Every structure is written in C-alpha cells, then in structure tokens.
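Coordinate analysis (summary)
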Amino acid sequence: MENIVTITLLTLTLFGKIEMTTFEIPNTREHYHDLGWKKSNSLVCSSWYHQNVVVTTRKNPKPGQNHYKHRYKGKKVIGYICGGHEPR
C-alpha cells in the first residue's frame, strides 16, 4: 500500500468565495527522512505546490496588492493545507 499525503488547495472563486479542493498525492517523504515526519510531510506538499501552481510576477501592482499571482488551472490560489495542518 502506497503512503499518501492529503493536500487541500484554497482558491478564490469569481464571486469572492473560498473554494477548497482536496487531492491525495504520493508521499515521497523518504527523500526527506532525516527531517522528521511532520517536516517531511510539509516538504512533500510544498514540493507539489511549487511544481503545480503557476506563480507570475505583476509588473505594476496596485497599492496593497501582492507582487505575485498564484494560479492553478486558471483559479486564483490563496493558500493550501497539508495533511490537516495550518494553512500556508
């Protein structure tokens, strides 16, 4: 049986509501076994996020606006939850 990690992606809908999409991803924490179980799960989720969420830089952000845009399949990403831990 393959170990899995659950990641919940938080996206913003067109009307400003937060939508939660949950994925089960393969647990590759054996690559990070020296760091301990909780830190290795966070690295698995972080690695997935950086490989699958497109981050672009805004050239002229409005005041109070972030310099980066995070998108997953055309949706605005505002964070993620790794294995039930605090959102990032």
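Before any of the text, the structure's been laid out above.
Cut-offs applied
Residues numbered from 1 in each chain as written. Predicted model: local features only at pLDDT ≥ 70, side-chain atom pairs only at ≥ 80, totals over all residues. Heavy atoms only, no water. Phe/Tyr/Trp six-rings, centres within 6.5 Å; stacked < 30°, edge-to-face > 60°. Helix = DSSP H or I, 4+ residues; strand = E, 2+ residues; numbered from the N terminus. Salt bridge = Lys/Arg side-chain N within 4 Å of Asp/Glu carboxyl O. Buried < 20%, exposed > 50% of the residue type's maximum accessible area, 1.4 Å probe, protein only. Patch = residues over 30% accessible without salt bridge, like charges linked within 9 Å, V, L, I, M, F, W, Y side chains within 5 Å. Areas by Shrake-Rupley, 256 points an atom, 1.4 Å probe, with all protein chains shown as cover.

Turning next to the packing of aromatic side chains. The full count for this structure, using the stated rule, is four aromatic pairs. Measuring from ring centre to ring centre gives 5.6 Å for Phe23 and Tyr72, while their planes differ by 85°; the resulting arrangement is edge-to-face. Pair noted here: Phe23 is in strand β2 (residues 18–26) and Tyr72 is in strand β4 (residues 68–72), with a separation of 49 residues, a long-range link. Arranged with centres 5.7 Å apart and planes meeting at 50°, the rings of Trp48 and Tyr72 form a pair that is tilted. Taken together, the residues Trp48 in helix α1 (residues 37–52) and Tyr72 in strand β4 connect sequence positions 24 residues apart.

It is worth spelling out unusual backbone geometry at this point. Despite not being glycine, Lys73 has its phi angle at roughly 50°, a positive value. Inspection of the secondary structure assignment puts Lys73 in the loop between β4 and β5 (75–82).

Another aspect to go through is the pattern of salt bridges. All told, the structure shown has one salt bridge when counted by the stated rule. One salt bridge in this structure joins Lys75 and Glu19, with 2.6 Å as the shortest N-O distance. Of the two residues, Lys75 is situated in strand β5 and Glu19 in strand β2; the sequence distance between them amounts to 56 residues. Residue Lys75 is classed as partly exposed on the basis of its relative accessible area, which comes to 36%. Under the relative-accessibility criterion, Glu19 is labelled partly exposed at 28%.

Residues Ile18, Met20 and Ile78 make up a contiguous nonpolar surface patch of roughly 310 Å² in combined accessible area. In this fold, Ile18 is placed in strand β2. By relative accessible area, Ile18 is classed as exposed at 55%.

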